[in-house]
Amino acid sequence: MTQKAAPNTRIIRLFSYGTLQLEAVQLDTFGRRLEGTADALVGFKQTFLEITDPDVLKISGERFHPIVTPSTDPADSVSGTVFWITAEELAAADRYEVSDYQRVEANLASGGTAWVYVKVA
């Protein structure tokens, strides 16, 4: 059963193309399974990053995590999921992501925007 965000809280859009889509990561990071919709991040390309943080490795179970960088080709996009989360959950996501990632607001194929973690410039 999926839990919903607490009522009467401001809902924030977070786009994930990587491990934040994994149920185990969501349960550990947010205490619930997130609801979301498929979308794509436009103007970015995806590579992989080796993770060495033992806490993140334990939660995700994956040594290499995807990471995105802006692309010079506007046709580039990265598929993923838009999740609706609270401010407290966004802070939890910030704690989960290692220092190689920074959170920025970006455009989505659906026409909206969302927070997304990208490679630190």
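It should be noted that the structure appears before, not after, this text.
Figured I'd write up the structure that's included with this text.

Conventions adopted
Residues numbered from 1 in each chain as written. Predicted model: local features only at pLDDT ≥ 70, side-chain atom pairs only at ≥ 80, totals over all residues. Heavy atoms only, no water. Helix = DSSP H or I, 4+ residues; strand = E, 2+ residues; numbered from the N terminus. Buried < 20%, exposed > 50% of the residue type's maximum accessible area, 1.4 Å probe, protein only. Contact = heavy atoms within 4.5 Å. Areas by Shrake-Rupley, 256 points an atom, 1.4 Å probe, with all protein chains shown as cover. Lys, Arg positive; Asp, Glu negative; His and termini not counted. Charge placed at Lys NZ, Arg CZ, Asp CG, Glu CD. Core = buried A, V, L, I, M, F, W, Y, C linked by side-chain atoms within 4.5 Å.

Details of the overall build of the protein
Thinking step 1. Helices and strands together make up the secondary structure of the protein, namely three helices and seven strands.
Thinking step 2. Each helix and strand of the protein, placed in order from N terminus to C terminus, yields the pattern β-α-β-β-α-β-β-α-β-β.
Thinking step 3. Along the longest, intermediate and shortest principal axes, the C-alpha atoms of the protein span 40 × 35 × 20 Å.
Thinking step 4. The buried share of the protein, reckoned over its 121 residues, is 41%.
Thinking step 5. Looking at the protein alone, contacts between residues at least 24 apart form 73% of all its contacts between residues at least 6 apart.
Thinking step 6. When the accessible surface of the protein is summed, it comes to about 6900 Å², and 50% of that surface belongs to carbon and sulfur atoms.
Thinking step 7. The distance from the centre of the 11 positive side-chain charges to the centre of the 16 negative ones in the protein is 3 Å.

Side note on the nonpolar core
Thinking step 1. Phe15, Tyr17, Leu20, Leu41 and Tyr101 are the most contacted members of the largest nonpolar core, which totals 31 residues.
Thinking step 2. If you list the elements that add at least two residues to this core, you get β1 (12-16), α1 (23-30), β3 (44-50), β4 (64-70), β5 (77-85), α3 (87-96), β6 (101-107) and β7 (113-119).
Thinking step 3. In this view, Phe15 contacts Asp39, Ala40, Leu41, Val78, Ser79, Gly80, Thr81, Val82, Leu108, Ala114, Trp115 and Val116; residues no more than four positions away in its chain are not counted.

Thoughts on the environment of Gly18
Thinking step 1. Mapped onto the secondary structure, Gly18 falls in the loop between β1 and α1.
Thinking step 2. It is 9.5 Å that separates the C-alpha atoms of Gly18 and Ser79, two residues lying 61 residues apart in sequence.

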